[in-house]
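Residue-level structure breakdown
What follows is the residue order along each chain.
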Amino acid sequence: MVRTRFAPSPTGFLHVGGLRTALYNYLFAKQNGGKFVLRIEDTDRERYVEGGVENIIKSLAWSGIKFDEGPFEQSKRLDIYHRHVEQLIKEDHAYYCFCSAERLENLRQKQKDKKIPTGYDGLCRDIDPKEAGQRVQAGERHVIRMKMPVSGETVFNDLIRGEVRFKNELVDDQVLIKSDGYPTYHLAVVVDDHEMKITHIIRGEEWISSVPKHIQLYNFFGWDIPQMAHLPLLLNPDKSKLSKRQGDVSVEDYRQKGYLPEALVNFVAFLGWNPGTDKEFFSLKELVKEFDITKAGRAGAVFNVDKLDWYNKEYIKKLSDKELAKIAEPWFNANKEYSIENKELIERAVGLERERITTLSELPGALKFVFVLPDYPSDLLVWKKSNRQEVAKILPELAKLLNTFSVQAWNMGKLEQGIGEWLAEKGYSVGAALWPMRVALSGQQNSPGPFEIAEVLGKAESLARLDKAIAKII
RNA sequence: GGCCCCAUCGUCUAAUGGUUAGGACGCUGCCCUUUCAAGGCGGAAAUCCGGGUUCGAUUCCCGGUAGGGUCACCA
């Protein structure tokens, strides 16, 4: 049975790169009828952020990615790691190291100065186990390191990249247990992936160089090695690793800005993968069906917000008035211009701006003119090919005509038809009448069309706004 | 710097040992149009460089170069 996992560290919010990793793991598990596990890699107490786990879970839930098991927290599994590392010590695959941080720092510096590869020099590697045990007993500060083989090669087959090989002599004796008793990532990840029966490890490319350490650990324990797939990194527009400095990186940022989860997920799924067809829109369900990890790209992918914006617009366009009003509610609530009583009007009005906004957060501002007529200069009422005199003549006539519409007939279709006939009959140009009408109703240079606004506003409000315009222009 | 990954329009990518190198975003022209959007129809825009294999290379191989990752008692 396929089992995958997403294993973030709770250092804040869910990164969009993390979202993609979680998504791919989820998709792969689901398309194989397997399980997706959430594990929290919280073995670094210094970087622990209060609420970090909750934030990650919330962002995953918002994105529609459901995990089947977990969250398992590594900080609550210390005994398991210790049990395993003891085995390694017993079997001479790991050893106590008493080197101080200062010594290691000096060592590194010297290696750098001499331009030789940095890494632990193995000073404690050959301390007699008995002596080491005694020093530990005596309370001497120590870490536990793995005994990396000094010769040979470690080879593995990446699902995305094919065969990758590393010379063992160049791989460090990785610390397994820190002096505070917590395991490092490298020990914990191997032990947990095995304990949790993970069959496929899908994670970011930044991990690829630590794979040989992990493989040696699997070998020491005599465990089967999971399949691995290392995903290309997400990049800034300048091709550097995606960072906060150059824009938003957390799922939460995008949620707050008014991106739809469907859009973010669809967009992120296409960063490093695509179906090989012209199909651009994929629901989570469709992704489960069509995703193929072996077709994932190998080169880093720029996180291009323009494309995300396009996806978001497209997904917003698919929403009904009701859905859009509902989903945008938080942004209306956050805007003090709007009160709860507006709810019904909001639902009627959202259609006006649906095709004009990029994110949900723009909606309250875009629709404000429906609720409060903006102040505008009278010149705005004059169409570029018209003049004040003409507007002053047409607008009152138009108001008179509109007044003849019954409230029942006050809808887009009827208005358009009626005004159209009237225009033809009078011989007025369309722009000369419709531009001022639209400005009168919206108070804005750019807005939705006059008929749709009129319908949303209703007869009384529409005529009131027309009267205001007439007063301005005469 | 060592090691590792990697390279198709500006961006995300598709495809093939022989193609007009396809799509999408963005940009742009035209149409529609009272404005802004939306929509329709077009356009510009790419195989990093050098060798080799081959009748033929963008594709396969080697080298270079660019970019990225990693080299912690962080993940």
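Below, the structure is looked at part by part. Every chain is numbered on its own, with residues counted from 1 as its sequence reads. Chain A is the first chain written and ligand 1 is the first ligand written, with later ones labelled in order. Totals for whole chains, interfaces and linings use all residues, but because this is a predicted model, local features are given only for residues with pLDDT of at least 70 and pairs of side-chain atoms are given and counted only at 80 or more. Note that water and hydrogens are dropped before the side-chain values are worked out from all heavy atoms of the structure.

Digging into the pairing of strand 2 (residues 35-40)
- Exposure classes here rest on a 1.4 Å probe applied to the protein chains alone. A residue is buried below 20% of its type maximum, exposed above 50%, and partly exposed in between. Only runs of H or I of at least four residues qualify as helices and only runs of E of at least two qualify as strands under DSSP, and these elements are numbered from the N terminus. Burial analysis of strand 2 places five of its six residues in the buried class, the great majority of the element.
- At least two DSSP bridges between two strands are required for those strands to pair. Across four bridges, the pairing between strand 1 (residues 3-6) and strand 2 is parallel. Looking across to strand 2, one finds that Arg-5 is bridged to Val-37.
- Whether a crossover is right-handed comes down to one check: with the strands pointing away from the viewer, does the path from the first strand over the helix to the second run clockwise; if it does, it is right-handed. What joins strand 1 to strand 2 is helix 1 (residues 16-31), and the crossover it makes is right-handed.
- In this fold, the crossover linking strand 2 to strand 3 (residues 69-73) by way of helix 2 (residues 52-63) has right-handed handedness.

With respect to the sheet that holds strand 8 (residues 175-177)
- Across the sheet, which stays open at both edges, the three strands sit in the order 4-5-8 with antiparallel pairing between neighbours. Because the sheet does not close on itself, it has two edges, and the strands there are strand 4 (94-97) and strand 8. Geometrically, the sheet is characterised by an average inter-axis angle of 45 degrees between neighbouring strands, direction not taken into account.
- Relative to strand 5 (residues 143-146), strand 4 is paired through four bridges, and the arrangement is antiparallel. Bridging from a neighbouring strand, Tyr-95 pairs with Arg-145 of strand 5.
- Residue contacts are defined here by distance: any two heavy atoms, one from each residue, within 4.5 Å place the two residues in contact. Interaxial angle, 0 to 180 degrees, is taken between N-to-C directions of lines fitted to C-alpha atoms, where a helix line uses only the stretch in contact. Packing of helix 3 (residues 78-90) onto the sheet brings it into contact with strand 4, strand 5 and strand 8, and relative to strand 8 it is tilted by some 125 degrees.

Some details on the protein's contact with RNA strand B
- Throughout, near means a residue has at least one heavy atom within 4 Å of the molecule or strand. Around RNA strand B, a shell composed of 62 residues is seen, among which Lys-178, Asn-274, Glu-355, Val-430 and Asn-446 lie nearest.
- As used in this structure description, the phrase polar contact means that two N or O atoms lie within 3.5 Å; if the pair is within protein, one of them must be able to donate a hydrogen and the other to accept it, and residues adjacent in sequence are counted only when both atoms belong to side chains. Cys-99 is positioned with one of its backbone polar atoms (N or O) 3.4 Å from a base nitrogen of RNA strand B.
- Mapped by element, the contributors of at least two residues to the surface near RNA strand B are helix 4 (101-113), strand 5, strand 7 (162-167), strand 12 (301-302), helix 11 (305-317) and helix 18 (430-442).

What about the packing of aromatic side chains?
- A pair of aromatic rings is counted whenever rings of Phe, Tyr or Trp (Trp by its six-membered ring) have centres within 6.5 Å, and the orientation is called stacked for planes under 30 degrees apart, edge-to-face for over 60 and tilted otherwise. Following the criterion strictly, the structure yields 19 aromatic pairs and no others.
- Arranged with centres 6.4 Å apart and planes meeting at 70 degrees, the rings of Tyr-218 and Trp-223 form a pair that is edge-to-face. Across the pair, Trp-223 and Tyr-218 agree in class, each one buried.
- Summarising the aromatic geometry, the rings of Phe-267 and Phe-303 are spaced 5.0 Å apart at their centres and angled 80 degrees between planes, so their arrangement reads as edge-to-face. With Phe-267 in helix 9 (residues 261-269) and Phe-303 in the loop between strand 12 and helix 11, this residue pair connects regions lying 36 residues apart in the sequence. Note on accessibility: Phe-267 and Phe-303 belong to one class, buried.

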